[in-house]
Each structure stands twice: as C-alpha cells, then as structure tokens.
Amino acid sequence: MMPVTQASDYAREVDSIYMFITYFGIFFYSIIIIALGYFIHKYRRRRKNEDTPDITHNTALEVIWTVIPSIPLVVMAFWGFNTYMQARVAPADSLEIKVIAKKWAWEFTYPNGMSFGQEMHVPAGRPVKLVMISQDVIHDFFLPDFRIKADIVPSRYTQLWFQADEPGEHQVYCAEYCGRDHSNMLAKVVVDTEEQYQQWLEQKAEEAMNMPLPELGKLLYVNKGCNTCHSIDGTRIQGPSFKGIWGQTHQFSNAQPAVVDENYIRESLLQPTAKVRAGYEAIMPSFQGLLREREIQALAEYVKSLK
Amino acid sequence: MAEVLTQRTPAAVHQPEGNFLTENPGLLNWMFTVDHKRIGLMYFWTIMTMFFVGGVLALALRTELLTPKTTIVSAEVYNQLFTLHGVIMTFLVLVPVIPATLGNFVLPMMLGAKDVAFPRLNLLSYYLYVFGALLAVGAIIGGGLDTGWTFYTPYSSTISGGVSIMTMGAFVLGFSSILTGVNFIATIHKLRAPGLSWYNMPLFVWGMYATAVIQVLATPVIGITMVLLLMERLFQVGIFDASLGGDPVLFQHFFWFYSHPVVYIMILPGMACISEVIPTFSHKPIFGYKAVAWSSVGIAVVSFFVWGHHMFVSGQSEFAGAIFSFLTFVVAIPSGVKVWNWLATMYRGSISLGAPMLYAIAFLLLFGIGGLTGLFLATVAVDVHLHDTYFIVAHFHYVMMGGTLIAFFAGLHYWWPKMYGRMYNEFWAAIGCLLVFLGFNGTFIPQFIVGSRGMPRRYYNYLDQFQFLHVASTIGSYVLGIGLVIMAATLIVPLFRKRYDAPNNPWGAASLEWTVSSPPPTHNFHHVPVVTHGPYDFKAARRLEQMESHS
Amino acid sequence: MSDIAIPVGGQAHPRASSHSKHLQHHFHNSAQQFEASKIGMWLFLVTEILLFSGLFLAYFILQTRHPQAFIEAHHHLDRSLGVLNTVVLLVSSFTMVMAVQSSALNRIKPALVYLYATFILGGVFMCVKYIEYSHKFHDGLLLGNLFSYKGASVPGEYLFFSMYFVMTGIHGIHILVGMAVIAYLIWRTHQGMYSSAYYTPIDLTGLYWHLVDMIWIFLFPLLYLVS
C-alpha cells in the first residue's frame with residue numbers, strides 16, 4: 001500500500017498503524033458504497049406519489065452505530081500516540097548531528113565540528129539524533145523513508161532521531177513552505193556501515209584541510225548553499241552571479257560604490273546587508289561564525305577564478 | 001430521469017403578480033436592497049466570480065505541475081498563484097458560499113419570516129465582503145504575496161510585498177462573516193413562524209445555527225491575529241518574531257484556533273444542504289432528526305478544541321499532541337453518525353435521482369473518503385509522516401471541495417428553481433455532475449499516492465518519479481473544469497427564458513420555502529404562515545397542497 | 001430561549017397606525033424587534049471579548065517569556081493617572097446606566113443630561129490617555145522599532161510597550177467609537193426620537209459602553225500593576 005522504503009523499525013511500526021487505518025477505512029467505505037448502491041437500486045421511485053414508511057429513528061441502532069466504530073478509533077489514538085513517543089526520546093548513546101536550516105540550504109555539523117554539504121552521512125545500526133535550528137524562517141526536516149518529520153524554528157532547538165537498518169540512500173525534503181526555492185531545499189541521508197562512515201569522516205576532514213584554496217572554495221560554494229542564489233555562469237537567480245565580478249566596481253543601494261576584492265567578499269559573507277547590490281534585495285543570511293578564515297579565503301579565491 | 005413535476009398543475013403554478021426579481025428593478029434598487037433574497041443572489045454571483053478566478057488559478061497550478069521544472073510559470077509566480085488560489089478558495093469562497101448565498105436566500109423563508117433580523121447589517125456584510133475581496137486580490141496584484149494562505153510567521157512578517165494589505169483584507173472579511181453569523185443567530189431565535197418549534201426547524205437551519213455560532217466565536221481571533229501580524233510588519237513589535245523576543249509558533253496557535261473551526265464553518269452548511277436534499281428525494285422523513293441536529297452543535301463545540309492537530313510537528317508538547325489527537329477522533333464521530341443517518345433515510349424510501357440527489361450521492365462518496373482519510377491525520381505517528389505532503393492536500397480537497405462545494409452544488413440545484421423560477425435540463429445537469437465526480441477523483445486520488453510516498457506540498461519542482469501521478473492529476477483537473485462549465489451552463493441557460501416554469505414545489509418538499517411561489521414575492525409570505533407539520537412530513541405537506549389547490 | 005410570542009392577525013405589511021414607527025416591516029411587534037436587537041448586541045459583545053482575549057493571551061505569553069522586563073517596564077507607567085482613568089470610566093458606566101434607566105421611565109431630560117455626562121467622561125478618559133501617551137512619546141517608550149528609550153536596563157522592555165500600545169490603542173479606539181455613538185444618541189434625543197416606547201439604541205449602547213469599561217478593568221491591573 002505504501003510503496004516507500006521502510007528504513008527503520010519505527011517506519012515499519014508507523015506503517016502497521018497506517019495499514020490498520022486503511023483496512024478500517026476500506027471496511028466502512030464498503031458499507032457506505034454497498035448500502036448506497038443497494039438502496040438506490042431497490043428503493044428507486046417507481047411511480048408518482050409512492051408512499052414510504054414513517055421511520056423516524058431507532059435509538060438502539062443509533063447507539064450501536066455510534067459506539068461500535070468508535071472503538072477502533074480509540075485504538076488508533078493510543079497506538080498512534082505510543083508510537084509517536086518512541087520517536088521523541090533519543091537513546092542516550094545517539095550520534096548527535098547539528099542541523100542548521102536556512103533559505104534554501106542545509107548544513108549538517110558532525111561531532112568533530114565540521115560540515116560537508118548537503119549530504120548527511122550516518123552509520124547504520126546506530127541511533128542518530130538531530131538537533132536542529134533555523135537561521136531565518138520556519139523550515140522542516142522530512143525524511144519519508146524513516147516516517148519522521150519536525151519543524152525547524154528560529155531561536156529554538158527541535159529534535160529528531162532515527163536508526164537506519166542498513167546502508168542506503170534516502171531523500172530529505174524541506175516540508176514547511178519557506179519561500180521561492182522551497183522545492184529545491186533538498187538533501188540526502190547516506191547510510192554507511194560503521195567503518196565506511198568513520199573513513200568518510202576522516203577523508204572529508206583531511207580533504208578540507210589540504211585542498212587548494214580555489215577547489216575548497218568550489219566545494220564550499222555548493223556545500224554552504226551559495227549556489228541556490230548565486231550562479232557562476234552569469235544568469236541571475238535571487239542574488240547576483242559570481243561570473244567575472246572580481247575587480248569590478250559595484251553599485252549599491254545603501255553604500256558608496258566599491259571594488260570586489262578580498263575585503264568586500266569577506267564583508268559580504270559576514271555582514272551581507274552592509275552593502276546591497278543595486279537592483280537586488282537584502283535577503284542573504286550572515287555566515288558570521290559559520291566559516292573559518294581559511295574557508296573565507298577559499299571562497300574569495302574561488303570567485304577570483306571565475307572569469 | 002427524475003420525477004420532478006409532481007405538482008405541476010395549473011393551480012399549483014401560482015403566477016404571482018410581482019416577485020422579488022422583477023419588482024423594483026434597476027441597478028440602484030439592487031445595490032441598496034435589504035431584501036435577503038436579493039442580497040443572497042448578489043453574494044452568489046460575486047462568490048461565483050471569485051470561484052471562477054480561483055478555479056482558473058487551480059488549473060494554472062495543475063498545468064505547471066505537468067513537468068517537474070518550469071512548464072508555464074516561474075517559481076515566484078507559482079508560489080503567488082497557490083497563495084492566491086488558497087486565499088480565494090478559503091476566505092472568499094468556502095467560508096461564505098453556503099451561508100451567504102443559500103443561507104441568506106432560504107433561511108428566513110424556512111422560518112416563515114419576511115427577512116433576516118438585521119437586513120441592513122446583512123447588506124453591510126455583503127459590501128464588507130466585496131471590500132475585503134478587493135483588498136485580498138489587490139494585495140496579490142499590487143504587491144505580490146507568496147506566503148501561502150496560512151501566513152506563517154516569521155516568513156510572512158519578514159518578506160516584502162502585499163502581506164499587510166492581505167491581512168487587512170482578511171480582517172475585513174472576518175467582519176463580514178461575523179455579521180452574517182450574528183444575523184442568523186438572532187433570526188433563528190426570534191423570527192420563527194408560529195408553530196415552528198426548534199425541533200420543527202429544517203435541519204438546514206440547525207446547520208446554519210451551528211455555523212453561525214462558530215463564526216461568531218472563532219472569527220474575532222483571526223481578526224486580532226491579523227492586527228498583530230500587521231503591527232509586527234509595521235513596527236516590528238516582536239510578538240511573533242523570535243529574534244525580537246517573541247514566539248513564531250504562537251502565530252500558528254492563533255491562526256489555527258480560528259482556521260480549524262473555520263473548516264466546520266465550511267462543512268456544516270454542506271451537511272445542512274445534504275440533510276435537506278436526501279429526505280426530499282427519498283420522499284421519506286430524515287432518520288434520527290435529533291441526532292443529526294445535535295451532531296451539528298456537537299461538531300461546532302468540539303471544533304474549538306482540535307486546532308493543535310495542525311501542529312503535531314511544530315514542536316508543541318507531546319502531552320498537547322495526545323490531547324489534540326484524541327479530541328480530533330472525538331469530532332470524527334458526529335460526522336460519521338450523520339453519514340449513517342443519511343443512508344438510513346434512503347432505506348425503504350422512494351428515491352428519485354434528480355440532479356440535487358445525484359450531487360448528494362457524490363457528496364456521500366467523496367466526503368466519505370475525505371472523512372476516512374482524516375483518521376490517518378488524527379493519528380499522531382501517521383500524521384507526522386503525512387503532514388504537509390500532498391496527502392494533506394488531497395484530504396482537505398476531499399472535505400472542502402468533495403464535501404462543501406459538492407453539497408453546495410446539491411443545494412444550488414435544489415433551490416435554483418426557487419431562486420429564479422425556472423427548471424434546468426436534468427440530462428445536462430446529470431452529465432455535469434458525473435464529469436465533476438470523475439474529474440475530481442481523477443485529480444485527487446493520485447495526490448493521495450504522491451503524498452503518502454513523501455512528496456511535500458507547495459513544491460514547484462519535484463522528483464521525476466512523481467511525474468506520472470502529477471500528469472494523471474492534471475488531466476483529472478481538466479475533466480473537473482469541463483464538468484463545472486457544463487454545470488454552470490445548465491443552470492444559466494434557463495435564465496434566458498422569459499416564462500417562469502418552475503412550480504412552487506417541484507420536488508415535493510415539506511418546508512416553508514416551498515409554499516411560496518417560485519420566484520418568491522418580495523416579502524416572501526402574504527400571510528404569516530402557521531406551521532402545523534414537521535419539515536420532513538411530506539405526506540402532510542402534500543395533503544395541505546392538495547387542499548389549497550382545491551380551494 | 002423561549003419560542004416567540006405568536007402575533008395576532010399577522011399581516012404582511014403592518015399597518016402603521018397600530019405599530020410604532022420604529023418597527024421594521026419584518027418584525028411582528030416591538031418586543032420581538034427589541035429582543036432580536038438585544039441578542040445581536042450580546043453576540044457582538046462576545047466577539048469583542050474574544051478579540052481582547054487574543055490580546056490578553058499574547059500578553060501573558062510574552063510576560064512569561066520576559067518577566068523581568070515587564071516588571072521593569074511597567075514602572076514607567078503613571079499609576080495615579082491609571083487609577084484616575086479607572087474611576088472616570090466607572091463613573092461613566094454609572095451615568096450610562098442612569099441614561100438607560102431614565103429613558104426607560106420616559107424621563108427624557110435627565111436621560112439627555114446623563115448622556116452628556118457619559119460623553120464628557122469618555123472625553124476626560126481620552127485626555128488623560130493623551131497626557132500619558134505624550135509622556136511615552138517624549139521618552140521614546142514606544143512599540144517595536146520605534147522604541148528609543150536609552151535608560152532601559154532589561155532587554156525586552158519594548159515588548160511590554162508593544163503590548164501596552166496595541167492594547168490601550170485598540171481600547172482607546174473603542175472609547176472613541178462609543179463617544180461617537182453617544183454623540184449620535186444625544187442628537188437623536190434632542191430630536192425627540194426616543195421615549196420609553198422605543199429606546200433600544202440607548203440600551204444597546206449602554207451594553208457596549210459597559211463592556212468597554214469592563215475591558216479597562218482588566219487592562220488596568222494587567223498593565224499598571226505587574227508583579
């Protein structure tokens with residue numbers, strides 16, 4: 001019935017309730033259809049002024065058809081709530097990943113304090129706890145294969161946890177409307193084996209430290225979600241394109257003209273609204289505290305490389 | 001097809017010297033009328049215009065979704081279109097459609113009254129509606145608005161565009177709705193004809209009463225919410241903005257405290273129409289009158305305590321989630337009871353399949369799906385998965401369109417002869433109903449599947465794997481559109497006929513509005529009617545009619 | 001609610017001679033019209049109460065989030081002016097009752113005097129409010145982003161003033177609307193429109209005025225006596 005991957009025990013439990021309700025629904029809907037069809041056929045008006053019996057009510061029948069269907073409803077309510085409670089309290093030994101949501105990108109920070117873009121890697125067979133916060137408006141982390149979802153609110157942490165059965169790849173959606181690119185605010189959860197996960201983490205950390213600056217910049221351009229608003233081929237998205245801007249003098253709606261150099265890019269990242277390009281809106285979030293110096297340098301070098 | 005003209009004898013077709021349509025002609029006389037029937041018709045045409053706009057927007061949205069990326073519009077435009085579609089359909093169509101049109105038109109007549117209690121307030125309510133509608137539509141055209149009809153903060157309080165004007169529009173529309181509610185409650189309490197006790201009132205009136213209670217009690221809260229949102233935007237007062245010390249989720253509580261009861265402002269009048277049509281077309285009294293009447297009131301009361309089921313994933317406490325889930329199941333029970341009552345009414349009846357009955361049957365089938373899929377969403381663990389997916393979209397369209405609007409169409413076909421004094425073509429009405437039914441299912445059944453597979457709503461772009469179902473849904477929506485056009489044409493074409501050919505009581509109904517001519521005289525009743533039989537005592541009504549036509 | 005009284009000899013168009021000139025055509029008699037109006041007014045008052053309930057709720061939630069700021073901020077309000085305004089409104093409620101009472105007894109002269117008194121007391125309330133507001137404006141103790149008071153010691157004090165201005169502002173608008181309606185009543189009374197046979201507008205305005213008064217009774221301790 002629900003042809004979605006069941007990636008955890010919890011997902012299977014939710015699906016059991018789902019099926020229970022489905023069977024309940026089919027049963028009662030069948031009663032409606034059969035009764036309706038039968039009555040229309042059997043009691044079709046045959047002639048003018050046909051008489052009908054004066055049946056006005058039947059208390060016993062009414063009590064029965066009110067009480068009997070209510071019993072499965074009670075089952076649904078309790079079963080549904082108990083299962084939900086399982087998804088609320090993460091085990092103490094969970095792997096904790098911090099999630100920051102912003103228009104329109106995700107950032108996943110691992111216990112080593114580093115983040116590597118729109119793919120979340122987690123080990124199979126171990127509970128993973130997400131501690132989530134939004135940097136601007138309300139977003140929502142939705143992982144359908146695990147049947148979990150939670151709003152991500154500014155200035156308040158919300159939590160989710162899940163435990164994957166086995167390695168695989170799972171789609172993440174933003175499920176709370178957040179503006180123009182809401183439907184592109186996607187991510188992946190990649191489930192590895194424990195060893196693969198550790199290897200991946202080490203390798204990524206090493207890559208990030210040793211990468212040449214422009215390459216690191218290129219990686220950050222995708223990982224930090226710059227690409228959702230700034231193109232590198234000259235097309236206008238929400239913000240100005242990066243193509244060929246290095247060394248140009250830009251006009252601003254709220255400041256004196258300035259040349260695009262290292263200091264300008266640094267300021268644009270840390271205080272994006274200090275200088276707003278003429279013709280664009282001041283909608284860029286600040287990356288203050290979210291980028292290391294080396295990463296800022298890398299982004300500047302990357303922009304420089306885009307001729 | 002249906003057996004329509006039981007009473008079409010020369011004596012029964014009482015050609016009145018003047019009726020409310022033709023007496024006092026002229027634009028100004030219409031514009032400043034306080035006649036509830038004229039106001040009802042003005043509401044009807046205005047709301048239908050908005051429904052047309054909202055429908056065209058829906059077709060544009062469905063067309064855009066034919067392909068995952070750009071089909072006809074950009075993401076910005078798409079987001080504005082679904083916002084406008086949502087705002088128009090909820091605030092401008094679904095909320096007022098039955099009370100303000102059918103309710104205004106028939107409620108006083110059902111009570112044997114000459115008008116509603118406050119006719120001038122009624123007219124004011126209409127103009128507030130027009131003004132609010134202009135603000136709402138102007139906000140989109142003037143400033144652009146892409147918040148969705150739910151206006152969640154902090155998105156709505158921080159973006160530029162027409163949000164402020166829209167909130168003012170919603171505020172004004174709220175007032176319009178309150179005035180209608182106040183008017184109906186006072187009318188039902190004080191203007192019933194002699195002999196018309198509470199349990200002798202048609203169930204339509206009970207439904208309107210329950211609706212009016214919700215309108216009066218819930219709407220002020222959306223009013224103040226909109227004021228606070230406006231202050232937030234103008235002065236950053238900080239109530240809903242976390243960065244200023246406020247609470248963004250508080251907005252959701254305020255919003256749903258109104259907007260869940262509003263679902264029942266929409267569906268109770270729908271049930272009210274069905275409760276008239278099914279007994280009349282089964283020629284048999286309603287089964288369990290008191291159960292149906294009190295279940296309306298019960299729904300109205302419980303509807304105030306279930307708003308939190310929109311917020312299972314918003315971070316509210318687990319305890320609150322449990323309570324709201326439980327109460328949501330409680331509110332499901334009276335709705336289910338009504339379905340059994342309608343079915344039992346048909347049992348051993350004498351069922352004629354006129355257009356109103358066809359729509360009533362469509363209602364039972366569609367609302368059944370809408371109600372049963374609601375159970376998934378009341379169950380917390382399952383709702384967490386389905387929340388904000390297409391499953392929700394499909395569910396509330398089954399309740400709102402499959403329920404409210406289909407019931408409205410049933411009521412419209414039922415009272416149309418009374419409103420305009422002309423019969424419509426039953427064959428084309430049936431074709432329209434069939435296409436609407438098939439097209440509607442074609443549109444929304446695929447959305448249940450897409451949603452349960454995890455596709456979120458309000459998505460401009462989607463994964464390729466969902467395309468087949470989206471194409472199916474879009475084709476369904478075109479069929480639905482064609483069905484609605486046929487329905488409209490079937491109703492409008494007879495209006496060009498000069499002669500009134502509708503008898504006073506084409507369906508053999510037993511409530512008071514069918515004792516006056518079609519269309520009714522300006523003051524409804526030449527003599528204050530005295531009620532001597534129940535609203536579903538069709539035999540007594542027939543005896544009375546025969547006595548009158550012989551005398 | 002009881003069933004309506006059965007009218008005698010119901011005629012579609014009531015003969016003007018046997019009915020009051022205030023009776024609208026769709027009512028059977030004055031009593032029915034009066035009761036309907038009264039129901040309508042009570043329902044309207046219910047919507048008003050709910051409107052303010054929303055504001056009170058918002059106030060309580062913000063106060064729980066920022067208790068210290070609210071205590072600190074409310075010291076800027078002048079308690080004696082608050083007390084004065086409370087007394088003014090209570091007295092105006094009394095004069096309103098007397099106006100209704102007098103018109104019910106067909107004593108139109110006194111009714112007129114009481115209406116004038118109520119109107120003037122409403123004006124006094126607004127004047128005091130004006131004095132309070134102008135102090136706040138002068139000190140920059142304003143709502144939201146207009147808040148420019150330099151001496152604030154606890155962050156979030158502006159939230160208190162946001163609520164203060166929204167709540168007293170909306171309440172003030174209600175007073176002004178009430179005064180406008182009372183002015184209309186005074187004008188109509190001068191014209192001799194009201195008598196013990198028909199004084200529904202005065203009666204209903206009285207209900208409204210009491211509600212506005214009652215809301216102030218809640219607002220006053222909430223804003224001026226925070227603890």
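In this text the structure is predicted, and so the values were computed from the model without any measurement.

Rules behind the numbers
Residues numbered from 1 in each chain as written. Chains lettered and ligands numbered in written order. Predicted model: local features only at pLDDT ≥ 70, side-chain atom pairs only at ≥ 80, totals over all residues. Helix = DSSP H or I, 4+ residues; strand = E, 2+ residues; numbered from the N terminus. Rg over C-alpha atoms; globule rule 2.2 N^0.38 Å. Buried ≥ 20, exposed ≤ 12 C-beta atoms within 10 Å, placed from the backbone. Contact = placed C-beta atoms within 7 Å. Nonpolar A, V, L, I, M, F, W, Y, C, P; charged D, E, K, R; others polar. Core = buried A, V, L, I, M, F, W, Y, C linked by C-beta atoms within 7 Å. pLDDT = per-residue confidence, 0-100. Axes fitted to C-alpha atoms, helices over the stretch in contact; angles between N-to-C directions. Parallel < 35°, antiparallel > 145°, perpendicular 65-115°, else oblique. Left-handed = near helix turned anticlockwise from the far one by under 90°. Pairing = 2+ DSSP bridges.

## Notes on the overall build of chain B
From N to C terminus, chain B includes 17 helices and zero strands. Over its C-alpha atoms chain B spans a radius of gyration of 23 Å, differing by no more than 12% from the 24 Å that the globule rule assigns to 551 residues. Counting only C-alpha atoms, chain B reaches 75 × 45 × 45 Å along its principal axes. A buried classification covers 68% of the 551 residues belonging to chain B.

## Structural notes on unusual backbone geometry
A cis amide bond links Lys103(A) to the next residue, Trp104(A), at an omega of -10°. When you line up the elements, Trp104(A) lands in the loop between strand E1 (95-102) and strand E2 (105-109). In this chain, Thr153(B) is followed by Pro154(B) through a cis amide linkage whose omega measures 0°. With respect to the secondary-structure elements, Pro154(B) resides in the loop between helix H4 (119-142) and helix H5 (155-158).

## Observations regarding the interface of chain C and chain B
Tallying the contact residues gives 36 residues for chain C and 39 residues for chain B. Contributions of two or more residues to the side of chain C that touches chain B are made by helix H1 (30-65) and helix H5 (157-190) of chain C. Grouping the constituent residues of the side of chain C that touches chain B by class yields 21 nonpolar, twelve polar and three charged.

## A short note on the nonpolar core
Within soluble globular proteins, side chains that are nonpolar tend to cluster in buried spots. Phe363(B) and Ala410(B) are the most contacted members of the largest nonpolar core, which has 310 residues in total. Sequence-distant contacts of Ala410(B), defined by excluding residues within four places in its chain, comprise Cys273(B), Ile274(B), Val277(B), Pro356(B), Tyr359(B), Ala360(B) and Phe363(B). Core analysis: the second largest hydrophobic core is formed by eleven residues, Ile265(A), Leu299(A), Tyr302(A) and Val303(A) among them.

## Brief notes about the confidence of the model for chain C
Regions with low pLDDT should not have their predicted coordinates read in detail. Residue-level pLDDT values for chain C average 85, and 90% of them are 70 or greater. Taken as a whole, residues 1-19 of chain C scores under 50 in pLDDT and shows 24 contacts with residues more than four places along the chain or in a different chain.

## Focus: the packing of helix H2 (residues 36-64) of chain B against helix H3 (residues 75-110) of chain B
Residue and element names in this part refer to chain B. Interhelical geometry of H2 versus H3 gives an angle of 155° and a closest axis separation of 8 Å. Taken together, H2 and H3 sit at an angle that is classed as roughly antiparallel. Taken as a pair, H2 and H3 cross one another with a handedness that is left-handed. Looking at the contact of H2 with H3, its residues break down into 24 nonpolar, six polar and two charged.

## Considerations on the arrangement of the chains
Counting contacts across all two pairs of chains found in contact, the highest total belongs to chains A and B. Across all C-alpha pairs, the smallest distance from chain A to chain C is 13 Å, and the two are not in contact.

## Looking at the sheet that holds strand E4 (residues 127-134) of chain A
All names here are of chain A. In space, the four strands of this open sheet follow the order E2-E1-E4-E7, with mixed pairing throughout. At either end of the open sheet lies a strand with only one pairing partner, and these are E2 and strand E7 (158-163). Direction aside, the axes of adjacent strands within the sheet are offset by 25° on average. Sheet topology places E1 next to E4; seven bridges connect them, and they run parallel. Bridging from a neighbouring strand, Val 99 pairs with Met 132 of E4.

## Some thoughts on the sheet that holds strand E9 (residues 187-192) of chain A
Residue and element names in this part refer to chain A. In space, the five strands of this open sheet follow the order E3-E9-E8-E5-E6, with mixed pairing throughout. Looking at which strands have only one partner, the edges of the open sheet turn out to be strand E3 (119-123) and strand E6 (148-152). Averaged over all neighbouring strand pairs, the angle between strand axes comes to 20°, with direction disregarded. Of the pairings in the sheet, the one linking strand E5 (residues 139-143) to strand E8 (residues 168-174) comprises two bridges and is antiparallel in character.

## Comments concerning the environment of Glu23(B)
Residue position: Glu23(B) is located in the segment before helix H1 (27-31). Beyond its immediate sequence surroundings of up to four residues, Glu23(B) is in contact with Gly18(B) and Thr522(B).

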